[in-house]
Amino acid sequence: MGTSPRIACLVDDGADSEQSTAYDWCESRFDGAHRRRIDTFDPGEYDVLWWHRVDPVEAAVSEDGPLASFVRDGGSLLLTLAAVTAVEPLGFDGIGPDAVGWEEVCEPTGPLWKRLYHDHPMADGFDTLRVHTRGAGVTVPYARYEAVAPTDGDVLASTVRADHAAVSQLSTVSWQPGDGRVIGIGSALSFGQPTHDICRGNRETLVANALTFLAGGASVPLTGRPKDVATLSAMRERLAGDPGRPSYHVTPPANWLNDPNGLVHWNGQYHLFYQYNPTGPFHGTIHWGHAVSDDLIHWEDRPVALSPSPDGPDRDGCWSGCTVDDDGVATILYTGGRGSEQLPCLATAADESLTSWTKDPDNPIIDELPAEPEVLQTEDWDGEFRDHCVWRENGIWHQLIGAGMEDGGGAALRYVSTDLREWAYRGPVLTGDRDTAGTVWECPELLDFGEKQLLHVSNYEDVVYFLGDYEDGKFTVERRDKLDHGDFYAPQSMWTDDDRALTWGWVQEARDIRAQWDAGWSGTLSVPRELSLAEDGGLRQRPADELTALRGDGTHCGELRLGPGDSREVGVESRQFELQATVRLDDADAVELTVLETPDGQERTPIRYTATNEVIVDRTHASTDPQATTDSQRMTVRPYDAPLSLRVFVDGSIVEVFANERQCLTSRVYPERPDATGISLSALGGTATVTGLDCWELADAWR
Ligand code: DQQ
């Protein structure tokens, strides 16, 4: 090894045998390592300080002390085990680790590296994202973030236990306070008890990497939070090589996305916020991510718009909500979560670009659950009560909040207000039967189409919509169906200046947590859909017209007759396209439009239209990955127009099907092979006619 970094191993009154053993190792490994008392040493003599502790840090350090100044002035600090708790008193983070104590390690445990950081200098020498640094059979100290996210730190790794991804146990965090750099490794790093040789080797490599990296002053991008636009774009760029990653659908720059939120056209720009977890690709510690567009199809990342406040009612998450125009002030109503409470909160825009938001000092603006009907209490929540749809009518604000009822199913509860801050409860506009409409209704939204109104709710399984009449706070249902028959949830809409209701839904993953972790991102939004009333009073759903501007090279086929068993290639090879076709079955049992197909058919996703009026997305052979979902998804299509008119959007791992401008089925598939780009048509059991087909490659949405 070259010249040893100068390392001060910090000793304070909390010295213990674990600390001594760790520092013994350090002094034997690095010539330049010496123990120094935290209150008397000169930090300027060292390249890096290491503080390893079993007990949480209480009064030993402060924001104004020499240690904090040393770091802010460009120094480096490694905090391990309970020493990570020092980040709060040192003023490096608004909140310290919330999970601190001793734990029994029942299987080999260690850092689960994020895909985004797999090549971080601290991960040198590990050829896997799953690194075991602590063997089983011991009880050891730890300090991690679990229910809350660091406000200023960037998570580099969660925790792996044997092969299990404990994604929400955030073990390794980096901070950039001032000009300095801090790494915290809060678990699976004890030196005191003997461990398996592999774990010991990994532990020593990890700590040596961390000390060398911190001492070397190498600048590694993508650490620290919050992140600016350039850094978010760099994150997006790092994941761009993933063939399953959608290109023209809205995705998070990395990490996790779920519900679309706060959709609004403001000052000439379309703003799309979304439930975002900056700590990794899993649901937890929810913030509001933000993307903007001038034309509804090209998007740019913006910094995170809403983050949990360590002392606020949204400490554990800023959940779904909407944006309204309060006489020129963009105002968000969202659900704050803390412990077992979820309550409505409000924030107003602090600038016209909707980048910064000021939370109302009186949050939560509704501070108790309604009494009647009694709101469902569950293991997780004192009351299942969240998500907001707000509109103004004759000067009065109306708000719907989703809920579950103790003695029933889901409910959409109504409140009224004159100022968006004081709300009076007015009871449910509609309630559902638990067996047929779900236990809890999330993300209720009411859309007024003039003659009729549409209320949709997400009931954990499906997005159910009701068409009917909304009057005097009550909804009378005339028709009911699903908005989508596939992987689509918690949609929200935006009214455009030309009076169209455009709706985006969260397109969930259909692969397990491990696969999502390894990809480094999870979740995408659907393409925008225009919802309107059809002439027969039913619901029309079609892709927003703007999407046609993404079309690039295209292929057109005129009438095509397919005999039984005939198969024709469409002549486009792509994983990023739109296909429009009109299909008549004649005497065939079915027609298959197959996408994402390898030349030998090993991987393929047929979209099958059957004589029994079904459209089926058959995922049986969609992927050779044994972990990929193989179940088929289906919907009944009523022959409004015969023959069937199909519009299909394929994008990386999304297959989004619009049938007859009425029914939708959004599906996720994960082909493994790079040549899974074929598109073909075939008839089964008889003859069918494709009366016209167009296929276009679509451009990327991200600038
Ligand atoms: N997602 C949000 C909740 C909402 C749910 C939390 C629906 O507000 O009820 O991320 O997916």
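These notes cover the structure that comes with them.

What counts and what doesn't
- Residues numbered from 1 in each chain as written.
- Predicted model: local features only at pLDDT ≥ 70, side-chain atom pairs only at ≥ 80, totals over all residues.
- Heavy atoms only, no water.
- Helix = DSSP H or I, 4+ residues; strand = E, 2+ residues; numbered from the N terminus.
- Rg over C-alpha atoms; globule rule 2.2 N^0.38 Å.
- Buried < 20%, exposed > 50% of the residue type's maximum accessible area, 1.4 Å probe, protein only.
- Contact = heavy atoms within 4.5 Å.
- Areas by Shrake-Rupley, 256 points an atom, 1.4 Å probe, with all protein chains shown as cover.
- Lys, Arg positive; Asp, Glu negative; His and termini not counted.
- Charge placed at Lys NZ, Arg CZ, Asp CG, Glu CD.
- Polar contact = N/O pair within 3.5 Å; in protein donor to acceptor, adjacent residues only side chain to side chain.
- Expected span 1.5 Å × (residues − 1).
- Arc of directions from axis to C-beta.
- Phe/Tyr/Trp six-rings, centres within 6.5 Å; stacked < 30°, edge-to-face > 60°.
- Lys NZ or Arg CZ within 6 Å of the ring centre and 35° of its normal.
- Core = buried A, V, L, I, M, F, W, Y, C linked by side-chain atoms within 4.5 Å.
- Pairing = 2+ DSSP bridges.
- Axes fitted to C-alpha atoms, helices over the stretch in contact; angles between N-to-C directions.
- Salt bridge = Lys/Arg side-chain N within 4 Å of Asp/Glu carboxyl O.

**Description of the overall build of the chain**
And step 1. A count of helices and strands for the chain gives six helices and 46 strands.
And step 2. Expected size for 703 residues packed as a compact globule is a radius of gyration near 27 Å; at 28 Å, the chain falls within 12% of this value.
And step 3. With the C-alpha coordinates of the chain rotated into their principal frame, the extents come out at 85 × 65 × 45 Å.
And step 4. Scored against the burial criterion, the 703 residues of the chain give a buried share of 63%.
And step 5. Across the chain, every contact between residues at least 6 apart in sequence was considered, and the portion connecting residues at least 24 apart equals 63%.
And step 6. For the chain, the exposed area adds up to about 25700 Å²; of that, 44% sits on carbon and sulfur atoms.
And step 7. Of the side-chain charges in the chain, 57 are positive and 117 negative, and the distance between the mean point of each set is 3 Å.

**Looking at the environment of Gln602**
And step 1. With respect to the element layout, Gln602 can be found in the loop between strand S38 (590-597) and strand S39 (605-610).
And step 2. Since its relative accessible area comes to 42%, Gln602 is described here as partly exposed.
And step 3. Measuring from C-alpha to C-alpha, the distance between Gln602 and Glu478 comes to 45 Å, with 124 residues separating the pair along the chain.
And step 4. Among all residues touching Gln602, those that are not within four sequence positions of it are His621, Thr624 and Arg673.
And step 5. Within the local environment of Gln602, its side chain forms a polar contact with the side chain of Arg673, the two groups lying 2.6 Å apart.

**A few points about helix H1 (residues 17-29)**
And step 1. Here H1 contains 13 residues, and its C-alpha end-to-end distance of 18 Å stays within 8% of the 18 Å for a straight helix at 1.5 Å per residue.
And step 2. Buried residues of H1: Glu18, Gln19, Ala22, Tyr23, Trp25 and Cys26, and no others. Seen along its axis, H1 keeps its buried residues to an arc of 155 degrees; they face one direction. The exposed residues of H1 that point more than 90 degrees off its buried face are Ser17 and Ser28.
And step 3. The inward-facing, buried residues of H1 abut strand S1 (7-11), strand S2 (33-37), strand S3 (48-53), strand S4 (76-81) and helix H3 (197-216).
And step 4. Capping the start of H1, Asp16 holds a side-chain oxygen 3.1 Å from the backbone nitrogen of Glu18, two or three residues further along.

**Let's talk about unusual backbone geometry**
And step 1. The omega angle of the peptide bond from Asn363 to Pro364 is 0 degrees, so this bond is cis rather than trans.
And step 2. When you line up the elements, Pro364 lands in the loop between strand S19 (357-359) and strand S20 (385-393).
And step 3. Residue Pro373 is bonded to the preceding Glu372 through a cis peptide linkage, with omega at -5 degrees.
And step 4. By secondary structure assignment, the location of Pro373 is in the loop between S19 and S20.
And step 5. Positive phi, close to 75 degrees, is recorded for Leu296, a residue that is not glycine.
And step 6. Here Leu296 is to be found in the loop between strand S14 (287-293) and strand S15 (300-306).
And step 7. Of note, the phi angle at Leu420 is positive, near 70 degrees, even though the residue is not glycine.

**Quick look at the packing of aromatic side chains**
And step 1. As enumerated under the stated definition, the model contains 20 aromatic pairs in all.
And step 2. Ring centres of Tyr274 and Tyr276 lie 5.9 Å apart, and the angle between their planes is 80 degrees; this geometry places the pair in the edge-to-face category. Both residues of the pair, Tyr274 and Tyr276, belong to the buried class.
And step 3. With 6.0 Å between their ring centres and 75 degrees between their planes, Phe649 and Phe658 make a pair best called edge-to-face.
And step 4. Put simply, the rings of Tyr23, Trp25, Phe30, Trp50 and Phe191 touch in pairs and so form one group of aromatic residues.
And step 5. In this arrangement the basic side chain of Arg181 is found over the ring face of Phe213, its NZ or CZ atom lying 4.7 Å from the centre.
And step 6. Above the plane of the ring of Trp696 lies Arg551, whose end atom (NZ or CZ) is 3.6 Å from the centre.

**Thoughts on the nonpolar core**
And step 1. In this structure, Leu10, Trp50, Trp51, Leu77 and Trp113 are the most contacted members of the largest nonpolar core, which totals 124 residues.
And step 2. If one sorts the elements of this core by residue count, H3 sits on top with eight residues.
And step 3. Formed by 38 residues, the second largest nonpolar core is a distinct cluster that contains Leu596, Ala622, Val650 and Leu693.

**Considering the pairing of strand S25 (residues 453-458)**
And step 1. The element S25 is extensively covered by neighbouring structure, given that six of its six residues are classed as buried.
And step 2. Pairing of strand S24 (residues 442-448) with S25, which is carried by five bridges, proceeds in the antiparallel orientation. Bridging across to S25, Glu445 finds its partner in His456.
And step 3. Between the antiparallel neighbours S24 and S25 lie four residues, among them Gly450 with a positive phi of about 85 degrees.
And step 4. Relative to strand S26 (residues 463-471), S25 is paired through six bridges, and the arrangement is antiparallel. When the bridges of S26 are listed, Ser458 appears paired with Val463.
And step 5. Between S25 and S26, which follow one another and run antiparallel, lie four residues, and Tyr460 among them has a positive phi close to 80 degrees.

**Some words on the environment of His388**
And step 1. Within the element layout of this structure, His388 appears in strand S20.
And step 2. Relative accessible area serves as the criterion here: at 5%, His388 is assigned to the buried category.
And step 3. Once the C-alpha coordinates of His388 and Ile332 are considered, the two residues, 56 residues apart in sequence, prove to be 9.5 Å apart.
And step 4. Leaving out residues up to four positions away in the same chain, His388 has contacts with Ser320, Gly321, Cys322, Leu333, Tyr334, Thr335, Pro344, Gln399, Leu400 and Ile401.
And step 5. Engagement of the side chain of His388 in a polar contact is seen with the backbone oxygen of Tyr334, the distance being 3.4 Å.

**Topic: the sheet that holds S25**
And step 1. Strand order in the open sheet formed by four strands is S24-S25-S26-S27, and the pairing between neighbours is antiparallel. Edge positions in the open sheet fall to S24 and strand S27 (474-482), since each of these has one partner strand only. Averaged over all pairs of adjacent strands, the angle between their axes in this sheet comes to 25 degrees, without regard to strand direction.

**Observations regarding the pattern of salt bridges**
And step 1. Counted according to the given criterion, the structure contains 50 salt bridges.
And step 2. Here Asp301 and Arg236 are joined by a salt bridge, their closest N and O atoms 2.8 Å apart. With Asp301 in strand S15 and Arg236 in helix H4 (residues 229-238), the pair connects residues that are 65 residues apart, well separated along the chain. One exposure class covers both Asp301 and Arg236, and it is buried.
And step 3. When the shortest N-O distance is used, the salt bridge between Arg392 and Asp327 registers 2.9 Å. With a gap of 65 residues between them, Arg392 in strand S20 and Asp327 in the loop between strand S16 (317-326) and strand S17 (329-338) connect regions that are remote in the sequence.
And step 4. Using a relative accessible area of 34% as the deciding quantity, one classes Arg392 as partly exposed.
And step 5. Using a relative accessible area of 63% as the deciding quantity, one classes Asp327 as exposed.
And step 6. In this structure, a network of salt bridges that share partners links the residues Glu530, Glu535, Arg540, Arg542 and Glu661.

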